[in-house]
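Analysis of the macromolecular model
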Amino acid sequence: MTARESPTGHKPLAELDDLTSDDFLGQLAALRKQRDEIDRRIRAYLAYAREFTSPRPYTLASLAEAAGLSISGVRTAYTHADCAAVTRALGREPRSRS
């Protein structure tokens with residue numbers, strides 16, 4: 001990393017004009033990859049908070065505020081695949097719904 005690069009290895013905005021087209025597109029693709037990974041982790045956190053915590057889940061309102069989503073956005077943000085990933089990571093099933 002040079003003194004002019006950010007900790008993530010991306011050029012400061014002021015230096016975008018200095019990038020070649022390929023470098024610019026490479027930087028943009030790398031940022032998208034980081035965003036996708038963060039989105040995956042947020043979905044896993046939401047699945048954990050709603051399906052794996054006891055004795056009851058975090059509230060939709062508190063999760064919505066923390067994640068920058070609407071309450072309905074929290075409800076639909078994670079899938080069965082996200083729950084399965086949390087199940088594998090924790091080595092236990094979601095809490096039972098009574």
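Further up the page is the structure itself.
Below or above, wherever it landed, is the structure these notes cover. Worth saying up front: this structure is predicted, and the values here are computed from it rather than measured.

The rules behind these values
Residues numbered from 1 in each chain as written. Predicted model: local features only at pLDDT ≥ 70, side-chain atom pairs only at ≥ 80, totals over all residues. Heavy atoms only, no water. Helix = DSSP H or I, 4+ residues; strand = E, 2+ residues; numbered from the N terminus. Buried < 20%, exposed > 50% of the residue type's maximum accessible area, 1.4 Å probe, protein only. Core = buried A, V, L, I, M, F, W, Y, C linked by side-chain atoms within 4.5 Å. Contact = heavy atoms within 4.5 Å. Axes fitted to C-alpha atoms, helices over the stretch in contact; angles between N-to-C directions. Parallel < 35°, antiparallel > 145°, perpendicular 65-115°, else oblique. Nonpolar A, V, L, I, M, F, W, Y, C, P; charged D, E, K, R; others polar. Phe/Tyr/Trp six-rings, centres within 6.5 Å; stacked < 30°, edge-to-face > 60°. Arc of directions from axis to C-beta. Polar contact = N/O pair within 3.5 Å; in protein donor to acceptor, adjacent residues only side chain to side chain. Salt bridge = Lys/Arg side-chain N within 4 Å of Asp/Glu carboxyl O.

**Points about the overall build of the protein chain**
Summing up its helical and strand segments, the protein chain has four helices and zero strands in all. Along the protein chain, from the amino end to the carboxyl end, the secondary structure elements read α-α-α-α. A buried classification covers 23% of the 98 residues belonging to the protein chain.

**Thoughts on the nonpolar core**
Counting 13 residues, the largest nonpolar core has Leu-46, Ala-47, Leu-63, Val-74, Tyr-78, Cys-83 and Val-86 as its most contacted members. Going through the elements one at a time, helix H1 (21-51), helix H2 (60-67), helix H3 (71-77) and helix H4 (80-90) are the ones with two or more residues in this core. Considering each element in turn, this core owes the most residues, four residues, to H1. Cys-83 has contacts with Ala-47, Glu-51, Phe-52 and Tyr-78, leaving out every residue within four places of it along the chain.

**Quick look at the packing of H1 against H4**
Contact pair H1 / H4: the axes reach a minimum separation of 9 Å and the direction vectors enclose 80°. With respect to H4, the axis of H1 lies roughly perpendicular. Of the residues in H4, those touching H1 at Arg-43, Ala-44, Ala-47, Tyr-48 and Glu-51 are Asp-82, Cys-83, Val-86 and Leu-90. Its residues placed into classes, the contact of H1 with H4 shows six nonpolar, no polar and three charged.

**Description of the packing of aromatic side chains**
Scanning all chains against the criterion turns up one aromatic pair. Measuring from centroid to centroid gives 6.5 Å for Tyr-48 and Phe-52, while their planes differ by 5°, and the two rings are stacked.

**Quick notes on H4**
Buried residues of H4: Asp-82, Cys-83, Val-86 and Thr-87, and no others. In a view along the axis of H4, the buried residues occupy a sector of 145°, so they form one face of it. Opposite the buried face of H4, at more than 90 degrees from it, the exposed residues are Ala-81, Arg-88 and Ala-89. Those residues of H4 that are buried are in contact with H1 and H3. Where H4 begins, the capping side chain belongs to Thr-79, and its oxygen is found 3.2 Å from the backbone nitrogen of Ala-81.

**Side note on the pattern of salt bridges**
If you walk through the whole model with that rule in mind, you get four salt bridges. Note that Asp-36 is salt-bridged to Arg-32, the shortest N-O span being 3.9 Å. Here Asp-36 pairs with Arg-32, and both are found in helix H1, just four residues apart, close to one helical turn. A relative accessible area of 47% places Arg-32 in the partly exposed class.

**Notes on unusual backbone geometry**
In this model, Ser-54 is joined to Pro-55 through a cis peptide bond whose omega is 5°. Along the polypeptide, Pro-55 turns up in the loop between H1 and H2.

Any link to function would need more than the numbers given here.
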